[in-house]
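Spelled out from the first residue to the last, the chains are:
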Amino acid sequence: MAESSFDSGDRDYAEIVVVRHGETSWNAERKIQGHLDVELNDAGRQQAVRVAERLSKEPKISYVYSSDLKRAFETAQIIASQCGNLEVLTDRDLRERNLGDMQGLVYQEASKLRPEAYKAFSSNRTDVDIPGGGESLDKLYDRCTSALQRIGDKHRGERVVVVSHGGTIRSLYERACPSARKVEKILNTSVNVFRLYDGDKWTIQVWGDVSHLDQTGFLQSGFGGDRTSG
């Protein structure tokens, strides 16, 4: 998808650059994170620096929002520091899906260790909660799309960054492109540019762009089984 061209004089939409957090050791090990608060690893911090450098050269960022989980917040801080030393505004509704009893498990072992949770996680139904306090896909969708809509309503005519998580970003994609094929992997520090217009219209200008990582050697380093929602 082509690079976004943002005209700050056009006031009928907010341009929201949604970025997945950098890599964590759990991503690389295919451990399921959900709401568990795992920090970036060294590769993830370098990825965050790369995406921050990229965004600092693009049209002006007015605000930076983030999930309150460390892996997203640290990514957002690195971006904010290179885009005018902005404050990072946290929103719990930008968190990853709560995966209940699946959290903390290696993905390949989950079906044996937590069969009921794995069954709920793998269900084709979107209204199934995961045992252990986990969320259904419907609850995740409602939570995160409402959060992005609030941000869009507040920042019409501005360009803002939102740092979030794989499962969350997948839900945002489904809100913008409800009839499109479902997306699987959301890569660490991928850039996804949404435009939110008056009247609840969402479009996607850029999707899954990791061109800032092309020369870093991190693309093969374990984007961490995003099916696990990281």
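- As recorded by an unreviewed UniProt entry, the chain carries the name Phosphoglycerate mutase-like protein 4 and is attributed to Camelina sativa.
- One UniProt comment on the chain, placed under Sequence similarities (unreviewed entry), says "Belongs to the phosphoglycerate mutase family."

### Topic: the overall build of the chain
(1) Moving on: Assigned secondary structure in the chain consists of seven helices and six strands.
(2) Moving on: In the chain, of all internal contacts separated by at least 6 residues, the share reaching a separation of at least 24 is 74%.
(3) Moving on: With an accessible surface of roughly 10100 Å², the chain has 45% of that area assigned to carbon and sulfur atoms.

### Concerning the nonpolar core
(1) Moving on: Within the largest apolar cluster, 22 residues are counted, with the highest numbers of intra-cluster contacts made by Ile-16, Val-18, Leu-148, Val-162 and Phe-194.
(2) Moving on: Those elements that place two or more of their residues in this core are strand S1 (13-20), helix H6 (137-154), strand S4 (159-164), helix H7 (166-176), strand S5 (191-197) and strand S6 (202-209).
(3) Moving on: Examining the composition of this core, we find that five residues originate from one element, H6, more than from any other.
(4) Moving on: Leave out the neighbours within four places in its chain, and Phe-194 touches Ala-14, Glu-15, Ile-16, Val-18, Leu-172, Tyr-173, Ala-176, Trp-202, Thr-203, Ile-204 and Trp-207.
(5) Moving on: Among the nonpolar cores identified, the runner-up in size contains 20 residues, and Ala-76, Ile-79, Val-163 and Val-191 belong to it.

### Side note on the pairing of S6
(1) Moving on: In this sheet, S6 lies alongside S5 in antiparallel orientation, the contact comprising five bridges. Each bridged residue has a counterpart across the sheet, and for Val-191 the counterpart in S6 is Asp-209.
(2) Moving on: In textbook terms, the turn of a hairpin is the stretch between consecutive antiparallel strands, and for S5 and S6 this stretch comprises four residues, one of which, Gly-199, has a positive phi near 85°.

Conventions and cut-offs
Note on numbering: residues in each chain are counted from 1, in written sequence order. Local features are withheld for residues below a pLDDT of 70 in this predicted model, meaning they are given only at 70 or higher, and side-chain atom pairs are given and counted only at 80 or more; totals for whole chains, interfaces and linings count all residues. Side-chain figures throughout are based on the complete set of non-hydrogen atoms in the structure, without hydrogens or water. UniProt positions are given in the numbering used here, feature names are shortened, and annotations may be inferred rather than shown by experiment. In this text, helices come from DSSP runs of H or I with a minimum length of four residues, and strands from runs of E with a minimum of two, each type numbered from the N-terminal end. Contact definition: two residues touch when any of their heavy atoms are within 4.5 Å. Each accessible area is a Shrake-Rupley estimate made with a 1.4 Å probe; only the visible protein chains count as cover when residues are assessed. Here, nonpolar core means buried Ala, Val, Leu, Ile, Met, Phe, Trp, Tyr and Cys residues that are tied together by side-chain atoms lying within 4.5 Å of each other. Burial here depends on accessible area, computed with a 1.4 Å probe over protein chains only, as a share of the maximum for the residue type. Under 20% is buried, over 50% is exposed, and the range in between is partly exposed. Two strands form a pair only when DSSP identifies at least two bridges running between them.

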